[in-house]
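# Fold and geometry: a report
Below, each chain spelled out in residue letters.
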Amino acid sequence: MQRIRLRYTKRGRLRFTSHRDFQRAFERALRRAEVPMAYSAGFTPHPKVSYANAAPTGTGSEAEYLEIQLAERRDPEQVRTLLNTSLPDGLDITDAVEAATSGLADRLQASVWELRLDGVEHTVAADAVGAFLAAEIVEVQRRTKNGLRTFDARAAVAGLEALPGQADRPGVEGCAILRLVVRHMTPAVRPDDVLSGLRATADLAPPVPAAVTRLAQGLLDEESGTVTDPLAPDREAVKAAQPTAAATTATPGVSPARGGAPEGPS
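In this text, all values refer to a predicted model and were calculated from it rather than measured experimentally. (Residues numbered from 1 in each chain as written. Predicted model: local features only at pLDDT ≥ 70, side-chain atom pairs only at ≥ 80, totals over all residues. Heavy atoms only, no water.)

Turning next to the packing of aromatic side chains. Think of a pair of aromatic rings as described by two things: how far the centres are apart, and how the planes are tilted against each other in angle. In total, this model carries three aromatic pairs according to the counting rule given. When the centroid spacing of 5.8 Å and the interplanar angle of 20° are considered together, the rings of F22 and F26 count as stacked. Separated by four residues within a single helix, F22 and F26 lie in helix α1 (residues 19–32), roughly one turn from each other. A residue is classified by how much of its surface remains accessible, and F22, at 3% relative accessible area, is buried. Look at F22 and Y51: their rings are 6.2 Å apart centre to centre, the planes differ by 80°, and that puts the pair in the edge-to-face class. Separated by 29 residues along the polypeptide, F22 in helix α1 and Y51 in strand β2 (residues 49–52) bring together distant segments of the chain. Taking relative accessible area as the criterion, Y51 reaches 22% and is therefore assigned partly exposed. (Phe/Tyr/Trp six-rings, centres within 6.5 Å; stacked < 30°, edge-to-face > 60°. Helix = DSSP H or I, 4+ residues; strand = E, 2+ residues; numbered from the N terminus. Buried < 20%, exposed > 50% of the residue type's maximum accessible area, 1.4 Å probe, protein only.)

What follows is the structure, encoded as structure tokens:
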């Protein structure tokens, strides 16, 4: 059984698809592309697909991840190409690699988010970011299925900065871009929780809803505050295994036990 890990996007209007909608679209694409999937046992077999840390509905993403299990071996790049021909525009597979290591979900430690604040001047956003980062605790509330929950949004934030942007909405002046690096913790801190924290600490309230896009997720380097590619260990392991596999493949007519001497009748 072969495992392939995929990175995919949610762009444009497809950002408003729920995770369940994406699951249905992806499983249809697997059937159309005739990917030889492995299936679970039982009365209702399902294709073996593992989803990891999906972005909330309404947010875009350039870095979503999943893993599929195949019953027959296939070239990961060929699988990526076939799936892209079967998926709607906006749901795009941008990377595919054979799973040569374990623990993909464990490597998704943090996310990099971009929050576009139309109608907010850069200087105003920068002052709000400074107030947020200066606070030791920023309590926010979120309504869950169990009721209203209060938690600290500050502890999960590994980095936050304000950058100047260019307004692209008619009648809206000013634009600020927030670059947010947030750790994956329990409870999960989302970009809208950080916006609630900015409103609580600096009274920052954008006049239009923020456009939110996940740019990356993976291992967090605490010193630099950067998030690294979670598929890199698989690429390195596959690359390291290739020379080994070539070396252990015997050349026809050559006996490794005799130091490479041609085999012949004794």
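Let's shift gears to the pattern of salt bridges. Opposite charge on two side chains permits them to pair, given that their charged atoms come into close proximity. Under the definition given, this model contains 17 salt bridges. Here E98 and R73 are joined by a salt bridge, their closest N and O atoms 2.7 Å apart. Pair noted here: E98 is in strand β4 (residues 93–98) and R73 is in the loop between β3 (60–70) and α2 (76–86), with a separation of 25 residues, a long-range link. Across the salt bridge formed by D193 and R142, the nearest N and O atoms sit 2.3 Å from each other. Of the two residues, D193 is situated in helix α5 (residues 191–202) and R142 in strand β6 (residues 139–144); the sequence distance between them amounts to 51 residues. (Salt bridge = Lys/Arg side-chain N within 4 Å of Asp/Glu carboxyl O.)

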